[in-house]
Amino acid sequence: MSQPVSVLSDGTIRRLVEEGRIKIDPWDPAKIQPASVDLRLGDSFRVFNNHQVTAIDLREPPENLTEEVIVPEGEAFVIHPGEFCLARTLEWVEIPDDIVARIEGKSSLGRLGLIVHATAGFCDPGWKGTLTLELNNLTRIPIKLWPGLLIAQLSFMTLDAAAEAPYGSEGLGSHYQGQREATESRYQGAP
């Protein structure tokens, strides 16, 4: 019999991590919130090469639209007003086939004008990898982003039953499974 769908509490998250059903590496129990886990910013960013294309045609998305920037230890990445870039979490996350997760920005950062994800806030059951963030600076002031700073929170929900074909299953076209850096779009939406 299936169980009701619910958001996992701090105690349940802690237990599932300790049991190895949810993996977060590096793991810091102090990052657990009442119904989520805080995640930190990694050092991998992707910036858009705006000068190389006239438009993004979704029937034939351009390749190499972004360039990876690795921020050296002790340095910051600056996101300018109105700028959009990709980044990754410091933590590697693995989700079992009966749980989904949502990544959300921290409200304190939102109040400073930093948006953490535009649309990619959903993590499928079976996910393994770092999480790519879609960062946008809505202010008129540059924002310095320091690797290691708290950037987002991850909440977990149970499914009514385990997924029959979790993310990464053969035939799904799971483009981002196992990613370790901020990963550019691998969109394939041509009709």
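Novice: What is the right way to look at the packing of aromatic side chains in this model?
Specialist: Aromatic ring pairs are defined here through the distance separating the ring centres and the angle between the ring planes. Under the definition given, this model contains three aromatic pairs. Ring geometry for phenylalanine 48 versus phenylalanine 84: centroids 5.7 Å apart, planes at 50°, classification tilted. Here the residue phenylalanine 48 occupies a position in strand β3 (residues 36-48), and phenylalanine 84 occupies one in strand β6 (residues 84-94), the gap between them amounting to 36 residues. On the basis of relative accessibility, which here comes to 27%, the residue phenylalanine 48 falls in the partly exposed class. Note on tryptophan 127 and tyrosine 167: the rings are 5.5 Å apart at their centroids and 50° apart in plane angle, and the pair reads as tilted. Residue tryptophan 127 is located in the loop between β9 (122-123) and β10 (128-137), and its partner tyrosine 167 is located in the segment after β12 (150-158); the two are separated by 40 residues in the primary sequence. Tyrosine 167 sits in the buried class, given a relative accessible area of 16%.

Novice: Please explain the nonpolar core as it appears in this structure.
Specialist: Nonpolar side chains in soluble globular proteins tend to end up buried together. Within the largest apolar cluster, 37 residues are counted, with the highest numbers of intra-cluster contacts made by Phe45, Leu135, Leu145, Leu154 and Phe156. Those elements that provide at least two residues to this core are α1 (10-19), β3, β5 (77-79), β6, β7 (99-105), β10, β11 (143-145) and β12. If one sorts the elements of this core by residue count, β3 sits on top with five residues. Contacts of phenylalanine 45, omitting those with residues within four sequence positions, involve Glu67, Glu68, Val69, Val71, Phe77, Cys85, Leu86, Ala87, Leu135, Leu145 and Ala182.

Novice: When you look at unusual backbone geometry in this model, what are you seeing that I'm missing?
Specialist: Phi is mostly negative for residues that are not glycine, and the peptide bonds are mostly trans. Here the residue pair aspartate 25 and proline 26 is connected by a cis peptide bond, since its omega of 5° sits within 30 degrees of zero. In this structure, proline 26 sits in the loop between β1 (23-25) and β2 (32-33).

Novice: What's the story with the pairing of β3 in this structure? I'm lost.
Specialist: The side chains of a regular strand alternate, first on one face of the sheet and then on the other. Among the 13 residues of β3, eleven are classified as buried, and the element is accordingly described as predominantly covered. Bridge analysis of β2 against β3 gives two bridges, and the strand direction is antiparallel. The residue bridging glutamine 33 from the neighbouring strand is serine 36, located in β3. In this sheet, β12 lies alongside β3 in antiparallel orientation, the contact comprising four bridges. Paired with valine 37 across the strands is leucine 154, a residue of β12. Pairing geometry for β3 and strand β4 (residues 66-70), over five bridges, is antiparallel. Counted as the bridge partner of phenylalanine 48 is threonine 66 from β4.

Reading guide: rules and limits
- Residues numbered from 1 in each chain as written.
- Predicted model: local features only at pLDDT ≥ 70, side-chain atom pairs only at ≥ 80, totals over all residues.
- Heavy atoms only, no water.
- Phe/Tyr/Trp six-rings, centres within 6.5 Å; stacked < 30°, edge-to-face > 60°.
- Helix = DSSP H or I, 4+ residues; strand = E, 2+ residues; numbered from the N terminus.
- Buried < 20%, exposed > 50% of the residue type's maximum accessible area, 1.4 Å probe, protein only.
- Core = buried A, V, L, I, M, F, W, Y, C linked by side-chain atoms within 4.5 Å.
- Contact = heavy atoms within 4.5 Å.
- Pairing = 2+ DSSP bridges.

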